[in-house]
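# Examination of the molecular architecture
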Amino acid sequence: MNYNEYRDEAFATAKRNGFHDEACSVEHLKCLIISEMMETVESDRLAHYADFKGYLDARWNMPYEENFNQHIKDTVEDELADVCIRIFDLAGYKNIDLDEAMQKVTDNICPSGTFTEKIYRAVRVLAQREPLSVSLVRTLTRMLKIAEQADIDIETHIRLKMDYNKGRKYKHGKKY
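Let me begin by describing the structure that accompanies this report. In this text, all values refer to a predicted model and were calculated from it rather than measured experimentally.

Calculation notes
- Residues numbered from 1 in each chain as written.
- Predicted model: local features only at pLDDT ≥ 70, side-chain atom pairs only at ≥ 80, totals over all residues.
- Heavy atoms only, no water.
- Axes fitted to C-alpha atoms, helices over the stretch in contact; angles between N-to-C directions.
- Helix = DSSP H or I, 4+ residues; strand = E, 2+ residues; numbered from the N terminus.
- Parallel < 35°, antiparallel > 145°, perpendicular 65-115°, else oblique.
- Contact = heavy atoms within 4.5 Å.
- Nonpolar A, V, L, I, M, F, W, Y, C, P; charged D, E, K, R; others polar.
- Buried < 20%, exposed > 50% of the residue type's maximum accessible area, 1.4 Å probe, protein only.
- Salt bridge = Lys/Arg side-chain N within 4 Å of Asp/Glu carboxyl O.
- 1 Å grid on protein atoms, 1.4 Å probe; cavity = no way out; pocket = protein on both sides within 12 Å on 5 of 7 lines; lining within 4 Å.
- Points joined across faces, edges and corners; volume = space filled by probe spheres on them.

### Description of the packing of helix 2 (residues 26-45) against helix 7 (residues 115-127)
Between helix 2 and helix 7, the least distance of the axes is 10 Å, while the angle of their chain directions is 180°. As the angle between them shows, helix 2 and helix 7 are arranged roughly antiparallel. Only F115, T116, I119, A122, V123 and L126 of helix 7 make contact with helix 2, whose side of the interface consists of K30, I33, I34, M37, M38, T40, V41 and D44. In the contact of helix 2 with helix 7, the residues fall into 10 nonpolar, 2 polar and 2 charged.

Structural data, given as structure tokens:
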């Protein structure tokens, strides 16, 4: 995975969609990452997982957005992708070299416990007072590991969501 390419694309899309029209604090952007983590938990609580086979079967028979909304949107996979995209966006906003940071941070984590415990620990990492590049990479690493443990092809879901986000309206119809 080329993290800086994802960073640049996520930041450019967020900027184009109005998310950086005003200056934002790091705390604000971290809170949005945490809100995506909580949406991931809620999707897991509802046992709402992507129907990737349905998505693939329908890709030639319905518009992309409709297919995505029906088979992928608001699922655990989709929300995990959103967490990663928000991390990429914040890294782009602060011009953090994620590829370099990923090489420097060697957590070698293997999250254990329930899904909620894994997400909680990732929230704690993001909220710690350490250099932003370190907390972002440590959080991203945890999200990638959680996806791997759940047998989720996170790179595919990041790509799908980034493509979906390009067509969304200003601030996705939200206040911020």
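### Digging into the packing of helix 2 against helix 8 (residues 132-149)
The interhelical angle for the contact between helix 2 and helix 8, taken along N-to-C directions, is 10°, at an axis separation of 13 Å. Looking at the two axes, helix 2 sits roughly parallel to helix 8. Between helix 2 and helix 8, the residues in contact are V26, K30, I33 and M37 and L132, S135, L136, T139 and M143, respectively. The class makeup of the residues in the contact of helix 2 with helix 8 is 6 nonpolar, 2 polar and 1 charged.

### With respect to the environment of H48
Note that H48 resides in the loop between helix 2 and helix 3 (52-58). We classify H48 as partly exposed; its relative accessible area is 33%. Along the backbone, H48 and K73 are 25 residues apart, and their C-alpha atoms lie at a distance of 9.5 Å. With residues near it in sequence (within four places) discarded, H48 still touches S43, K73, D74, T75, V76 and E77.

### So, the pattern of salt bridges
Side chains carrying opposite charge are able to pair once their charged atoms draw close together. For the structure shown, the criterion picks out 13 salt bridges. With its nearest N and O atoms 3.5 Å apart, the salt bridge here joins K145 to E148. Placement of both K145 and E148 in helix 8 is noted, with a separation of 3 residues, approximately one turn of the helix. We classify E148 as exposed; its relative accessible area is 54%. Linked by salt bridges that have partners in common, E9, R159, D163 and K166 make up one network.

### Examining the layout of surface pockets
Empty space left among the atoms is revealed by rolling a probe the size of a water molecule over them. Approximately 380 Å³ is the volume found for the largest pocket. For the largest pocket, the lining is made up of 24 residues, of which E36, D82, R86, N165 and H172 are closest to its centre. Taken together, the elements giving at least two residues each to the lining of the largest pocket come down to helix 1 (3-16), helix 2, helix 5 (76-93) and helix 9 (154-166). It is helix 5 that provides the largest number of residues to the lining of the largest pocket, a total of 5 residues. Grouping the constituent residues of the lining of the largest pocket by class yields 7 nonpolar, 5 polar and 12 charged. Put simply, the second largest pocket is a space of about 160 Å³. For the lining of the second largest pocket, the elements supplying multiple residues, two or more each, are helix 2 and helix 7. Take the lining of the second largest pocket: its biggest share by element is 4 residues, from helix 2.

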